[in-house]
Every structure is written in structure tokens, then in C-alpha cells.
2 protein chains.
Amino acid sequence: MSADKAPNYQTLTKHFQSISHFEHLSALGDWDQATMMPIGGGEARGAAMAELAKHIHSLKTAPMLADTIAQAQQESLTLEQNANLREINYQYLQANAVPGDLVEAKTKAAYHCEQAWRDQRKNNDWQGFKPNLENLMSLVKEEASIRAQALRVSPYDALLDKFEPGMTTASIDNIFGQLKSWLPELIQQVQHKQASEPRFDIPSASAANQALLGREVMQVLGFDFNHGRLDISSHPFCGGVASDVRLTTRYDEADFTSGLMGIIHETGHAKYEQGLPLAWRGQPAGLARSMALHESQSLFCEMQVGRGPGFLKLIQPHLKQLLACPLSHEQLTNIYTRVTPGHIRVDADEVTYPCHILLRFEAEKALVSGELAVADLPDFWSTQMQSLLGINTDGDYKNGCMQDIHWAVGELGYFPSYTLGAMYAAQFKYAMENQIGSVENAIAAGKLADVMAWLQSNVWSKGSLLEIDDLMRQATGETLNPAHFKRHLENHYL
Amino acid sequence: MSADKAPNYQTLTKHFQSISHFEHLSALGDWDQATMMPIGGGEARGAAMAELAKHIHSLKTAPMLADTIAQAQQESLTLEQNANLREINYQYLQANAVPGDLVEAKTKAAYHCEQAWRDQRKNNDWQGFKPNLENLMSLVKEEASIRAQALRVSPYDALLDKFEPGMTTASIDNIFGQLKSWLPELIQQVQHKQASEPRFDIPSASAANQALLGREVMQVLGFDFNHGRLDISSHPFCGGVASDVRLTTRYDEADFTSGLMGIIHETGHAKYEQGLPLAWRGQPAGLARSMALHESQSLFCEMQVGRGPGFLKLIQPHLKQLLACPLSHEQLTNIYTRVTPGHIRVDADEVTYPCHILLRFEAEKALVSGELAVADLPDFWSTQMQSLLGINTDGDYKNGCMQDIHWAVGELGYFPSYTLGAMYAAQFKYAMENQIGSVENAIAAGKLADVMAWLQSNVWSKGSLLEIDDLMRQATGETLNPAHFKRHLENHYL
Ligand SMILES: [Zn+2]
Ligand SMILES: [Zn+2]
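Because the structure is a prediction, the values reported are computed rather than measured. (Residues numbered from 1 in each chain as written. Chains lettered and ligands numbered in written order. Predicted model: local features only at pLDDT ≥ 70, side-chain atom pairs only at ≥ 80, totals over all residues. Heavy atoms only, no water.)

(A) Seen up close, the overall build of chain A. In terms of regular secondary structure, chain A is built from 21 helices and three strands. In summary, chain A has a C-alpha radius of gyration of 23 Å against a globular reference of 23 Å for 494 residues, a match within 12%. In terms of principal-axis extent, the alpha carbons of chain A reach across some 65 × 55 × 50 Å. Across chain A, contacts joining residues at least 24 apart in sequence account for 73% of those joining residues at least 6 apart. With an accessible surface of roughly 20200 Å², chain A has 50% of that area assigned to carbon and sulfur atoms. Computing the positive centroid from 40 side-chain charges and the negative centroid from 57, chain A places the two 3 Å apart. (Helix = DSSP H or I, 4+ residues; strand = E, 2+ residues; numbered from the N terminus. Rg over C-alpha atoms; globule rule 2.2 N^0.38 Å. Contact = heavy atoms within 4.5 Å. Areas by Shrake-Rupley, 256 points an atom, 1.4 Å probe, with all protein chains shown as cover. Lys, Arg positive; Asp, Glu negative; His and termini not counted. Charge placed at Lys NZ, Arg CZ, Asp CG, Glu CD.)

(B) Molecular detail of empty space enclosed by the protein. Residues and elements named next belong to chain A. One pass over the structure, following the stated rule, counts four cavities of 30 Å³ or more. For the lining of the largest cavity, the elements supplying multiple residues, two or more each, are helix 1 (7-35), strand 2 (238-241) and strand 3 (244-249). Ranked by the residues each element gives to the lining of the largest cavity, the list is headed by helix 1, at three residues. Residues that form the lining of the largest cavity fall into these classes: three nonpolar, two polar and three charged. Viewed by domain, the lining of the largest cavity spans two of them, domain 1 (7-162) and domain 2 (170-493), each represented by three or more residues. (1 Å grid on protein atoms, 1.4 Å probe; cavity = no way out; pocket = protein on both sides within 12 Å on 5 of 7 lines; lining within 4 Å. Points joined across faces, edges and corners; volume = space filled by probe spheres on them. Nonpolar A, V, L, I, M, F, W, Y, C, P; charged D, E, K, R; others polar. Domains from an automatic or database assignment.)

(C) Looking closely at the side chain of Arg147 of chain A. All names here are of chain A. Mapped onto the elements of the fold, Arg147 is located in helix 6 (residues 126-151). Residue classification places Arg147 among the buried positions, given a relative accessible area of 8%. At 2.7 Å, the side chain of Arg147 forms a polar contact with the side chain of Glu143. Residues contacting Arg147, with those up to four places away along its chain left out, are Gln94, Ala97, Val98, Arg152, Ala158 and Lys162. (Buried < 20%, exposed > 50% of the residue type's maximum accessible area, 1.4 Å probe, protein only. Polar contact = N/O pair within 3.5 Å; in protein donor to acceptor, adjacent residues only side chain to side chain.)

(D) Broad picture of the coordination of the zinc ion (ligand 2). Residue and element names in this part refer to chain B. Bound to the zinc ion (ligand 2) are the protein donor atoms His265 (NE2), His269 (NE2), Glu295 (OE) and Glu295 (OE), situated 2.1 to 2.7 Å from the metal. Here the zinc ion (ligand 2) is ringed by four donor atoms whose angles at the metal span 49 to 128°, and the overall shape comes out irregular. Look at where the donors of the zinc ion (ligand 2) fall in the sequence and you get H-x3-H-x25-E. Placement of His265 in helix 10 (residues 256-274) and of Glu295 in helix 11 (residues 291-306) is noted, with a sequence separation of 30 residues between them. When sorted by exposure, His265 lands in the same class as Glu295, which is buried. (Donors = N, O, S within 2.8 Å, 3.2 Å for Na, K, Ca; no water. Tetrahedral: all angles 85-135°; square planar, octahedral: opposite > 155°, others 65-115°.)

(E) Examining the coordination of the zinc ion (ligand 1) more closely. Residue and element names in this part refer to chain A. Within the first shell, the zinc ion (ligand 1) binds the protein through His265 (NE2), His269 (NE2), Glu295 (OE) and Glu295 (OE), at distances of 2.1 to 2.7 Å. Taken together, the four donor atoms surrounding the zinc ion (ligand 1) define angles of 50 to 128° at the centre, an arrangement classified as irregular. Each donor residue of the zinc ion (ligand 1) belongs to the same chain, with the gaps between them written as H-x3-H-x25-E. Of this pair, His269 sits in helix 10 (residues 256-274) while Glu295 sits in helix 11 (residues 291-306), and the two are 26 residues apart along the sequence. One exposure class covers both His269 and Glu295, and it is buried.

(F) Main features of the UniProt feature "active site" (unreviewed entry) in chain A. Residue and element names in this part refer to chain A. Here the UniProt feature "active site" (unreviewed entry) sits at Glu266. Given a relative accessible area of 10%, Glu266 falls into the buried group. Dropping the residues within four chain positions of it, Glu266 is found in contact with Pro236, Phe237, Cys238, Leu247 and Thr248. (UniProt positions renumbered as here; feature names shortened; annotations may be inferred.)

(G) A look at the sheet that holds strand 3 of chain A. Residue and element names in this part refer to chain A. Strand order in this open sheet of three strands is 1-3-2, and the pairing throughout is mixed. Since the sheet does not close on itself, it has two edges, and those belong to strand 1 (228-232) and strand 2, each with one partner. Going across the sheet, the axis of each strand differs from the next one's by a mean of 20°, ignoring polarity. Judged from the five bridges that link them, strand 1 and strand 3 form a sheet pairing that is parallel. (Pairing = 2+ DSSP bridges. Axes fitted to C-alpha atoms, helices over the stretch in contact; angles between N-to-C directions.)

(H) How the structure looks around the relation of the copies chain A and chain B. With an RMSD of 0.0 Å, the operation that places chain A on chain B is a rotation of 180° combined with a shift of 0.0 Å along the axis. Here the symmetry operator amounts to a two-fold rotation axis. Taking the C-alpha atom as reference, chain A places Leu25 of chain A closest to the rotation axis, 3.5 Å from it. Interface overlap between copies: 100% of the residues of chain A at the interface are likewise at the interface in chain B, consistent with a symmetric, same-surface contact. (Least-squares fit on C-alpha atoms with pLDDT ≥ 70 in both.)

(I) Spotlight on the domain arrangement of chain A. Residues and elements named next belong to chain A. Per the domain assignment, the segments making up chain A are domain 1 (7-162) and domain 2 (170-493). One C-alpha centre belongs to domain 1, the other to domain 2; they are set 25 Å apart. In this assembly, 45 residues from domain 1 lie in contact with 48 residues from domain 2. Summed over both sides, the interface of domain 1 with domain 2 buries roughly 3900 Å², with 65% coming from carbon and sulfur. The largest contributions to the domain 1 side of the interface with domain 2 come from Trp31, Trp126 and Tyr156, which together make up 19% of the buried area. Counting every contact that joins domain 1 to domain 2 gives one salt bridge. For Arg289, the salt bridge goes to Glu87, with nearest N and O atoms at 3.1 Å. (Buried area = accessible area lost by both parts, 1.4 Å probe. Salt bridge = Lys/Arg side-chain N within 4 Å of Asp/Glu carboxyl O.)

(J) Structural view of the pattern of salt bridges. Overall, the coordinates contain 42 salt bridges over all chains when judged by the stated rule. In this structure, Arg147 of chain A engages Glu143 of chain A in a salt bridge whose closest nitrogen and oxygen atoms are separated by 2.7 Å. Separated by four residues within a single helix, Arg147 of chain A and Glu143 of chain A lie in helix 6, roughly one turn from each other. Of the two residues, Arg147 of chain A and Glu143 of chain A, neither departs from the other in class, the shared state being buried. Note that Arg45 of chain B and Asp32 of chain B form a salt bridge whose closest N and O atoms lie 3.0 Å from each other. One end of the pair, Arg45 of chain B, is in helix 2 (residues 42-60); the other, Asp32 of chain B, is in helix 1 (residues 7-35), and 13 residues separate them in sequence. Relative accessible area serves as the criterion here: at 2%, Arg45 of chain B is assigned to the buried category.

(K) The arrangement of the UniProt feature "binding site: Zn(2+)" (unreviewed entry) in chain A in detail. Residues and elements named next belong to chain A. As recorded in UniProt, the feature "binding site: Zn(2+)" (unreviewed entry) lies at His265, His269 and Glu295. In summary, the annotated positions, though distributed over 31 residues, converge in three dimensions, the widest C-alpha pair being only 8.9 Å. For His265, the residues in contact, after removing those within four places along its chain, are Glu295, Ser298, Leu299 and Glu302. Residues contacting Glu295, with those up to four places away along its chain left out, are His265, His269, Ser417, Tyr418 and Gly421.

(L) Spatial organisation of helix 5 (residues 100-122) of chain B. Residue and element names in this part refer to chain B. With 23 residues, helix 5 ought to run about 33 Å at 1.5 Å a step, and its terminal C-alpha atoms sit 33 Å apart, in line with that. By the largest-angle criterion, Ala116 marks the main kink of helix 5, which is about 30°. When helix 5 is considered as a whole, its buried residues turn out to be Leu102, Lys106, Ala109, Ala110, Cys113, Glu114, Trp117 and Gln120. At the C-terminal side of helix 5, Asn124 shows a positive phi close to 55°. (Expected span 1.5 Å × (residues − 1). Bend = angle between axes of the 7 residues up to and from the residue.)

(M) Main features of unusual backbone geometry. For Ala324 of chain A, which is not glycine, the phi dihedral falls at a positive 50°. Along the polypeptide, Ala324 of chain A turns up in the loop between helix 12 (309-323) and helix 13 (329-336). Positive phi values are uncommon outside glycine, yet Asn124 of chain B reaches one of about 55°. Take Asn124 of chain B: it is sitting in the loop between helix 5 and helix 6 (126-151).

(N) Spatial organisation of helix 13 of chain A. All names here are of chain A. Within helix 13, six of the eight residues are buried, which leaves the element mostly enclosed by the surrounding structure. When we look at burial in helix 13, the residues that qualify are His329, Leu332, Thr333, Asn334, Ile335 and Tyr336. Considering only its buried residues, helix 13 is in contact with helix 10 and helix 12.

(O) Spatial organisation of the interface of chain A and chain B. Taken residue by residue, the interface counts 31 residues in chain A and 31 residues in chain B. Of the roughly 2600 Å² buried between chain A and chain B on both sides combined, carbon and sulfur atoms contribute 61%. On inspection of chain A and its partner chain B, the count reaches four salt bridges. Between Arg246 of chain B and Asp32 of chain A there is a salt bridge, with the nearest N and O atoms lying 2.8 Å from each other. Scanning the region where chain A abuts chain B turns up 14 residue pairs in polar contact (both at pLDDT 80 or more). Contributions of two or more residues to the side of chain A that touches chain B are made by helix 1, helix 2 (42-60), strand 1 and strand 3 of chain A. Considering every element that reaches the side of chain A that touches chain B, the biggest residue donor is helix 1 of chain A, with nine residues. Of the residues that constitute the side of chain A that touches chain B, the class distribution is 14 nonpolar, eleven polar and six charged.

(P) Seen up close, the environment of Pro284 of chain B. Residues and elements named next belong to chain B. In this fold, Pro284 is placed in the loop between helix 10 and helix 11. Linking Pro284 and Tyr90, residues 194 residues apart in sequence, is a C-alpha distance of 9.1 Å. Those residues in contact with Pro284 that lie beyond four places of it in its chain are Phe16, Asn84, Glu87, Ile88, Gln91 and Ser464.

Here it is as C-alpha cells:
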């Protein structure tokens, strides 16, 4: 496609290429802030990052875009170019949906609420947190209603759309409704089965040795160290850009198991980034499809591969050599598949985790619609925890509705992505197994690369060229179907 | 000063504050590239950094600036605001002096020349390097002549002005002329004196232990680790921003002495950055005064403090403890003050170093004026090395005129800063000693902080609020006077 034939489209690709360069710098700044920057550098860095965010926003809302997009939509484009134009338009609509002064007001309220929350949470101080959250929530509702008008959807759908383009409350209601019908009983059954299983001591291991192990395990998973690195941060994440993916983790010297599984999880995110289509780097069509799909890749690595006996057998010699770990791969498998209902989402196992999401999804919908007042959130929380997990959380705000950072920074609509991701991951596994046979067998046969190649060809290389439903249909023959997740849990835990 | 009274000045400070935010990100990108980035990340990073450089240039050449600066010059400003306006105007003139297509042509030629030079140098391939350098040099001469017209000075003065605002060829001719009259004989005398001195073996030391030692020595020098860090890069530098200074060094496990002194040198640069005036952060008046003044601070740390017996006595216990180094502080002093004429500038000792600069200054002047053709550079080099240092470099291009990166990237006018810096450093020392007594005595008495406090108050805290001659007059009672440097060398080496 020459510039002569589609001049408006070419203008847009050039403009969004520029934006991606600035987003590259933004990703670098975020990573550095979490891993390298001394505290004293924070103020100037914050100001520089705010300036950069303002500049990126001004590029995404450039006055010429409306006309140029409209004219490009009349140009003769290839299928892939049309997909890129769709994503360009999506980014444009997202950036233009909310007026600048509301963005600024929400950013300030979120900053204030989060800063206070860090101490309030420690002190179980719900009374202190409540007015901040009320203030922030009224801005979130305003944002949701403005986005809803711009995108012509319901307010909560408009929030979901920031993370899961095209996903609706109705779809999630349906999917999560199915989940809720069988999950609590499954948890009971698994707990009953596991009650008589032995428990094993976990040997201590230095952070330095855990880091060596982590890099070896990343190699096993095919992480490309020519395009990425592993460092330490207090909250593990996968950052950077596709050509230079920056993973982080943290190490607990008394228990290496969570740090190691954290690396495996983040490596799943990283493989997705490293596998995004080279030809579309720097364009919206070259980005990951959605947050849920991103989570599906990390959860595939963690749940379908990392916690399985085949993979644990593969890496057990490394654990023995580097950490002097005496555990067999069967013992490691047992440790990594224990199910224990608890208060904290981020510590939850694979089986109970969705209950934490079901609760939050219901709460968010009700908060945004106004059916639930912030003041009534603790009661709502207690009731739901009791019914979903049989846990009493009365008065324990810090391990209850104050535990997550998401609401403290006004980020609603994100939580469902975690569990949608787990469901996509299970669906990918069974589709893959129809084609290449059992994942466990592939790993046992030294063919983990075949598993990765399937993901590369069906998920990573698609970037955002396909909409989510088309991607799922092409990869698995159907759109999201929670039955695969049920089958996965039953196969693994019963 | 309210915005009502000086609206144009306020517009300018806001604009240059924005520029400084983008320059912050540029400094971060440079540092990361040299220390953390995997090779495979280079292409996308390069594109992002080029986009950022273009954006910064567009801000510095914004069409509104000419009028706004002219109008601000009519506003009623404080002395310091006027200084800031002077520096703003200086940055504006520098950025506007050269047309964009010449900048781009030179950037490309420099990139091409440097890439080829990396191999050509290894292979002593002067014939390969010559045409690239000729091509680049013609662009440098074009740049120099355009800058000269804009700034109304001579072409080589216009190049000097990029690094040393206000410095002229005539001044340097005068200063370096004095140096040339006594330095070659001084070198002879020092060599004669040192001929009979013993030599000592240097114990090997792991990079990890050298890094621990480096951080301890930085603490001794008062480096603020809340606003900076130490990492590894193949070419040591001091980068980052004033609120977050990023030092780098490299470690030779067979000889810790150069890596350690490298850290001490870069810490001098870092102390200057960390000591820049807080009230002027983000404004041109808050930046370091010039490259020579920057070098004066690193050389003060290295030559006036670091290589002296007092400081070496102070850190000797750390060397003993961390590197199991058996050398006494007298032996260390001897190692750190050995004078040996050699081919390579960056390996030169304090006494012979200026000869390398004298040669390059003469060569650059003659190259820019056209008196010296690139083809005749090797002969010029041989003659000068013979006369200044008694060294024969015939046919040894890689250790001769191809040794530095500066010309390979088209950077002319920078070399004098190194020796001007050494002279400023000596002048600061004697001025300081008139007020607080001997630097060596202060260190012996545990009062290194007094030395640093003098630099803080007379140099660092001034930023670019004073022009260089005023800064020198206020700090030392006179403008640059090379006699102090002579006295310093005679006192230390004879
Ligand atoms: Zn994740
Ligand atoms: Zn230096």
C-alpha cells in the first residue's frame, strides 16, 4: 500500500508511531521507578512523567485526527490495515471520551486516596478511607457516565471497555453466573480431598540463588534475554516494551515457592509481548489484544504449565542444584496445587481465586449503578465472603474491602480480566490439546517448544489484528466458554 | 515576582520547565542504554530517543520564543531572573543556530563514521577512516561557519561556545601558550625524580568487592545515595539528572586502581550535579556552568583530593578490609602519582595529560580553518607527539589520531575543556586554602566536609546564575589563571 493510495491512513500510522515512541519512554520511566530509582528522585521523575503523559494525551487528541480517521475509513486498505485503523480509532475514542479537567480531577483524587490508603490499610482505618473513596467514586461514576454516552453503552460497560474492548456486563453476568453455580461446591470437594494430604517443609534460599534459578527457569520457558531482563521490585510486574520486556519479581528467603511461581507467571506475560507481530510494532494493531488475554498468557504459563508435574519435574534438578532443595517433583506439585480459602486475593490459589473476583465484580456493578453506597461496602463484603468462601471478615477491613490498590486509585472494571484470563487460558489448553496432544505429555517429551509455538501462532502473533471473539473462534473454534475452565479445575484438582 | 509583572518571563520559565522534563527522560534513556538495556532493545530505543530529541529541538525552536524573549528582556526582573533569561536566550540561540537539515546530515554522517570507526580503529585502518572523517569534517566546518555568523564570532570560537559559553580561541591560545612554555620541561624533571622510585604489585580483586568499595568511597566523599546510584557500563560516565545522578564505572579484576579512581572522578561530577541550586531546578540557570567547570569538579575530587596521601590514608582501611589489599597509603600515593608519557589520552597521568590536549587543540583549530587537511593529520600528530612527549607514533593510527571517539562523531571544540577544567580545579584549591587552610590537613583532621562545603557554596550552588568569569572572580578573586595549575603540579610532583 503506497502513501499515494491511502494518504490519510499513512498520516495516521506515522502519528501513532510517534505516540508509541513516547509510550516506550513512559514504560521505561515506570520500570525504572519501580526497580532502580532512589526515593529522592521521585519528585522530579513524577513531574517528568506527568509532562510525558500530557504530551501523549495531546497527541491522541490532536484536532486533525477526527477528519483524518474519517477520510482513512474511505480509503482502500488491506484487511490488516483496516484492523489497525479500527484500533487507531479505538485509541482515539478512548482518549477523547473524557474531558481533560475530569481526568485531572480524578488523577488528583486517586493520588490523594492512594497515599492515605497506604497507611489507612495498615491501621484497618475504614472510617478514614471511606470519605476519600466516596469522593473518588463520585468521579469514577462521572467518568463512567461520560464514557457511556460517548461509546453508547452502559456506564459499567464503558469501564470494562477500557480493559476489554467489546466485553459487556451482560456477557460477564452470564459467564460468571455459570461459574458461581458450581465453584463453591467444587471448592468443598477439593478441600475434602486434600485434607488428608501430607505437608512439606520448604527450605530457605538466598535471594541471589533464587534470581539465578529464576533466570534458568525463564530460559526453559524460552524467554529471550536479548529482548528483556529480570529485576527486583516490591510488586512484581511485566513492563517495558515488546522489544525489551522488563520482568520483575520479589524474593522471600524463607519461601522461594511464591517468588518462583511469580517469575513463571510474569514470563507468560513476557512471552506474549515478545511474540507480538514484528511487522506491526509501533502500531495499535501490534499491541496485546486485551488485559484478559494478557492474563490468559501468564496464567497459561503458571496454571497449565508451571504448576503441572511435568514442568516441575523438568525444573526440579535446577532447584536441587541452585537452592539445595530436597523436594521431589511430586512434593512440589502438591505444594503448588494446595487449595485453601483465604481473605487475600493475591495469595489465593487457582480454585478459590475466582470467588474473590465474583465478589468484586458484583460490588463494582452495584457501586457504579448506585445500588450500593460506599458506606455499605463492608457489609456487602462480609456477606459475600461468607457465602462464597465461608470466611468471616466482619470488622477486618484491611484484609477485606481495603486490601486491593485498584479501588484506592479509582480503577474499576479491571477485576473481571483476571478470571476471564483464567478461562481463556483453559480454553486455549483444550483447543491446543486437540491439535498437538496433552500439554503434560509434550513437556514430558521435551517438547515445551511445541506448546509455545501454538500460542505464538494462535495468540501472540495476532496482536490486536483480530477482535477478541474472532481470535478465539480462529484459535479454539468458539468464543469464550467457561466450561473449559470447569473441566480444567476438575481434571487438576478432583 | 508575580506573573502579572513579568508575563513573558513566566511563559519562558514554564516552557523551559517542560523542556527539562523531556531532557530528564532523555538522560534516563541514555543511562539505561549504557547500563541495563539488552542489545536487542537498541533499535526501538534508538527510534524513541530520536523522536524525543526531535521533540526537544522543536520546543527549543518554538516560533513564539523570539518575541517572548525580546519582550521578557524589557520586563522588570531580579538579578537571578535576568541570569535565567540570559541562559534561556543562550539555549534558544544554540538550538536555532543550525538549520534542521544540516543537523540531520551531520547526525547521519557522524553515526556512519562512528560505526565504521569502531572496527577501523581496531584494525589501524587509517585509509578506511580518512574519507569518512573528511566527509564529516566538511559538515563540521559548515556548522561552524553557520554558528559563527549567528553568534558573530570566529568558526572555532563558535564550536567552543557549545561547551564553554564565552570562551574564545584567543583566550585559550594565551592560556595554553603559557602551559606549553613550561610543561615539557616539568615532565622531564618529574620523570627524572621518579626514575629511582620502587614499583608495587597490585592485588587482584573481584568486581563485586570493588563495587562495595566504590560505594564506601562514594559515602566518604558525601555522595547522596538518596539522589543517585552506581552501576556498570563499558565507558564510565556521570549521567541522570541533579535529583537522581547515575554514576557508572567498569571494573578490571587484575587492577582495581583505575576503576576506583574512575569512581572518585565521576563522584566529583556527581557532587556538582547534586549540589546545583534547588531553587533553580528545571531552569537553564540551574544547570552546570560549563563542561570545563564540570571537569574541574571531577578533577578536584580526583587530583586535589583522591590522589593525595590524606585521602588515600582515609580509605586505605576499606581497601584492606574489602579487597585484602596490603598496600600502605604511601605506596598507594606513589602508584597514583606516577608520571609516564604514553600514546593514549585517557590513560595519561595528570602531568602529561595536558600535552594530549595541546595537540588536539592545535589540530582542531587548523582543521576548522582549513590550514590542516584531514589527509595530513597523521603527520601533524607524529610531529606534535614527538615534540611534546618525545613519543614516536608513526604509522600507529589506532593509538594516534584514531584513538578518540570525539572526532569520529564530529565533536570538535570539546577537548580544551579537559585541561581548562584541570586549571580551574587548581585555582579553586589555592583560593580555598587561603580561606580554610590546606586541603590535605583538612582531610587528615577528618574535615573533608569543609572542603566540600567550600565547593558547594562557591561553585555548585551557583549553577549558571553567574557567567564563568564572574563565578571565578567571586570564588577566587581572579579569572582563570594557569599559574595555579603550574604551582599545583610543582608542589605535587617535584
Ligand atoms: Zn498477571
Ligand atoms: Zn570527567
